[in-house]
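# Notes for the structure review
Here is what each chain is made of, one letter per residue.
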Amino acid sequence: MFQQSPRGLTAGMKLTASDYPCYFAALKEERTITAHDAWPDPCTQEFRHS
């Protein structure tokens with residue numbers, strides 16, 4: 001992930017497949033993930049712990 005700063009883009013949080021296996025599995029299936037509510041969505045619910 002990247003964050004916009006006055007100096008340009010800076011590295012933000014690093015996501016690893018070992019920490020977020022459901023998210024990365026979903027990305028392999030689809031280019032985008034449509035989650036209307038990220039907390040209960042099986043593709044994105046892993047993020048609520050971090």
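Residues numbered from 1 in each chain as written. Predicted model: local features only at pLDDT ≥ 70, side-chain atom pairs only at ≥ 80, totals over all residues. Heavy atoms only, no water.

Attention now goes to the overall build of the protein. A tally of regular secondary structure across the protein gives one helix and two strands. The linear arrangement of helices and strands in the protein, starting from the amino end, is β-β-α. Since a compact globule built from 50 residues should have a radius of gyration of about 10 Å, the 13 Å found for the protein marks it as more spread out than a globular shape. Restricting to contacts in the protein with at least 6 residues of sequence separation, those with at least 24 account for 19%. Only carbon and sulfur atoms are counted for the fraction: they give 55% of the accessible area of the protein, which is about 4400 Å². (Helix = DSSP H or I, 4+ residues; strand = E, 2+ residues; numbered from the N terminus. Rg over C-alpha atoms; globule rule 2.2 N^0.38 Å. Contact = heavy atoms within 4.5 Å. Areas by Shrake-Rupley, 256 points an atom, 1.4 Å probe, with all protein chains shown as cover.)

This part is about the state of the cysteines. Within the structure shown, the criterion is met by zero disulfides. Lacking any disulfide linkage, Cys22 is separated from the closest cysteine sulfur, that of Cys43, by 7.7 Å. Given a relative accessible area of 38%, Cys22 falls into the partly exposed group. (Disulfide = S-S within 2.5 Å. Buried < 20%, exposed > 50% of the residue type's maximum accessible area, 1.4 Å probe, protein only.)

Here we come to the packing of aromatic side chains. Each aromatic ring pair is summarised here by two numbers: the centre-to-centre distance and the angle between the ring planes. This structure, assessed with the given rule, holds three aromatic pairs. With 4.9 Å between their ring centres and 75° between their planes, Tyr23 and Phe47 make a pair best called edge-to-face. Within this pair, whereas Tyr23 is found in helix α1 (residues 21–29), its partner Phe47 is found in the segment after α1, the two being separated by 24 residues in sequence. Owing to a relative accessible area of 18%, Tyr23 belongs among the buried residues under this scheme. On the basis of relative accessible area, Phe47 is assigned to the partly exposed category, the value being 25%. Three or more aromatic residues joined by ring pairs make a cluster, and in this case those are Tyr20, Tyr23, Phe24 and Phe47. (Phe/Tyr/Trp six-rings, centres within 6.5 Å; stacked < 30°, edge-to-face > 60°.)

Inspection of the secondary structure puts Thr44 in the segment after α1. Among the polar contacts made by the side chain of Thr44, one reaches the main-chain carbonyl oxygen of Ala38 at a distance of 2.9 Å. Ignoring anything within four residues of it in the chain, the contact list for Thr44 reads Ile33, Ala35 and Ala38. (Polar contact = N/O pair within 3.5 Å; in protein donor to acceptor, adjacent residues only side chain to side chain.)

Interpretation in functional terms is not warranted from these geometric data alone.
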